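# Descriptive structure summary
Here is how the chains run, residue by residue.
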Amino acid sequence: MIDTDYYYKLSKCVRCGSCKSACPTYLTTLNETMGARGRIAMLDGLVKKRLKPSKELAEKIFSCMLCGACKNQCPTGIDIPEIIYHGRTLLKKSYRKGRFLRTALKYSISRLDTLLSILRVGQKLFYRPLQKAGMLRYVPEITSTPFKKRVQVKKYINKISRIIIFAGCGVNYFYPELGDALSSILVTKGYEVVVFGGEVCCGAPLRSIGLEKEASKLAKKNIEHFNKVRADAIVSLCPTCTMSIKEQYPIIAGSTITNIMDINEFIIKYGIAEGLEIDPMTVTYHDPCHLSNGLGIRDEPRHILKSIKGIELVEMKNANDCCGFAGLFSSHFKEISKSIGRKKIGSISDTSAGTVVTSCPGCILQLENMKKEMGVDFSVRHVVEIIDEAMHGYLQLRITNYEI
Ligand code: SF4
Ligand code: SF4
């Protein structure tokens, strides 16, 4: 973003405070500097040189969850998360907590497969015993084979159309079974599925720690892949990846990807869940921030769940409230993250549902974590797992290899 643009965007704030009513970090701390309006004011002070870059200032700007709840409240239409992203590029050197991570990610992000296989060994040897003893938070086991390496379909003669699955790091390394469920659904319905073995991170985590240039490189790599095959749609199981490709690639990579879709949108558009039936269950739905605030998708997942015979959908209070994950935020601002998470678990527990359904691998991780910490019991599932179960039955073998 060039300076004049940034000055202009910051100057649009009329200090009304509407954004504070939706900002989870403000509502948890009741501290002006931890809310959207305060952050805008501080960044305005920074660019006008009334404030100097400092560790304290950087902490406030990096404590934003980039959830986008404020954006929908702002009467002057300020894209607050975009303002924050740019602010982070200005303040990254002052953000000490992020130093190690920035260096590590800068050099390892293009070699994530190797890094994750090394971490996998460490996870087995050191992390599991400590986690079992309650000393570390729950993190799912890193898979030995990332989802993107499991399936690559090049040709499928009688296809309806060709769909690219953009798995994203959460599905690739931690929840490959979600990718399996999606490819199984698509292949059953007659779609040709393409998964790129060379897929790289969407870039959102890098951008969130101020590494805009590095995020741009990753975006361009993914765009190269997308341009290699003509596909009718690119679908993702992670709203952060979808939002990043749809809304941020034009900014950081200068390319607009028009056929990227969230999986809920795709399922509704092509009637994938119509006529399905499942063993009776009562579920509630949690809205991931980047899906609801970022992409405006709230009705679609509910519509899908209600259309499956056997499912009773009950709404929780404040379903649109954040779960407290926000990627790196949950490890850098643990206490605020947990406090937001506890509220969410309370809302889920207040319903009669035995299952909470969501559409984001990050939310699944946080909800699993928080329910363990609070000692409550319900199952947490992605919407594609529910559809796959309704389509194939829970124990049916997944399709993991297709004819090339
Ligand atoms: S993006 Fe979320 S956490 Fe950040 S200022 Fe806006 S509402 Fe607050
Ligand atoms: S809602 Fe918009 S104009 Fe009002 S204080 Fe927040 S950022 Fe400024």
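Residues numbered from 1 in each chain as written. Chains lettered and ligands numbered in written order. Predicted model: local features only at pLDDT ≥ 70, side-chain atom pairs only at ≥ 80, totals over all residues.

## Examining helix α19 (residues 361–374)
The terminal C-alpha atoms of α19 lie 20 Å apart, and with 14 residues this matches the ideal 20 Å at 1.5 Å per residue to within 8%. Here α19 has its buried residues at Pro-361, Gly-362, Cys-363, Ile-364, Leu-365, Gln-366, Leu-367, Asn-369, Met-370 and Lys-371. In the stretch just after α19, Gly-375 is the one whose phi turns positive, near 65°. (Helix = DSSP H or I, 4+ residues; strand = E, 2+ residues; numbered from the N terminus. Expected span 1.5 Å × (residues − 1). Buried ≥ 20, exposed ≤ 12 C-beta atoms within 10 Å, placed from the backbone.)

## Quick word on the nonpolar core
Grouped together as the largest cluster of nonpolar side chains are 113 residues, with contacts concentrated most on Ile-61, Cys-70, Ile-80, Ile-165, Leu-182, Val-384 and Ile-387. If we ignore the near neighbours within four places in the chain, the residues touching Ile-61 are Arg-39, Met-42, Leu-43, Ile-84, Gly-87, Arg-88 and Leu-91. (Core = buried A, V, L, I, M, F, W, Y, C linked by C-beta atoms within 7 Å. Contact = placed C-beta atoms within 7 Å.)

## Remarks on the site of ligand 2
Ligand 2 sits among 15 residues. The nearest are Cys-13, Cys-16, Cys-19, Arg-37 and Cys-74. When grouped by side-chain class, the residues that make up the shell around ligand 2 number nine nonpolar, four polar and two charged. (Near = placed C-beta within 6 Å. Nonpolar A, V, L, I, M, F, W, Y, C, P; charged D, E, K, R; others polar.)

## Section: the sheet that holds strand β4 (residues 260–262)
The parallel open sheet is built from four strands, whose spatial order is β2-β1-β3-β4. With one partner strand each, in any of the chains shown, β2 (192–194) and β4 form the two edges of the open sheet. With direction set aside, neighbouring strand axes in the sheet form an average angle of 35°. Alignment of strand β1 (residues 162–166) against β2, held across three bridges, turns out to be parallel. (Pairing = 2+ DSSP bridges. Axes fitted to C-alpha atoms, helices over the stretch in contact; angles between N-to-C directions.)

## With respect to the sheet that holds strand β5 (residues 277–285)
Sheet strands line up and pair through hydrogen bonds in the backbone, either parallel or antiparallel. Strand order in the open sheet formed by four strands is β6-β5-β7-β8, with parallel pairing between adjacent strands. Only two strands of the sheet have a single neighbouring strand rather than two, namely β6 (309–313) and β8 (379–382). Each adjacent strand pair in this sheet contributes to an overall mean axis angle of 40°, direction not counted. The sheet strands contacting α19 are β7 (355–358) and β8, and the helix crosses β8 at an angle near 180°.

## So, the site of ligand 1
Inspection of the region around ligand 1 gives 15 residues, with Cys-23, Ala-36, Cys-64, Cys-67 and Cys-70 positioned closest. Among the secondary structure elements, those contributing two or more residues to the shell around ligand 1 are α2 (24–29), α3 (36–47) and α5 (80–91). Tallied by class, the residues present in the shell around ligand 1 amount to twelve nonpolar, two polar and one charged.

## Concerning the environment of Thr-284
Summarising the element assignment, Thr-284 is placed in strand β5. Sequence-wise, Thr-284 and Ser-347 are 63 residues apart; in three dimensions their C-alpha atoms are separated by 9.9 Å. Not counting the four nearest positions on each side in its chain, Thr-284 is found in contact with Val-314, Glu-315, Met-316, Ile-348, Thr-351, Ala-353 and Val-356.

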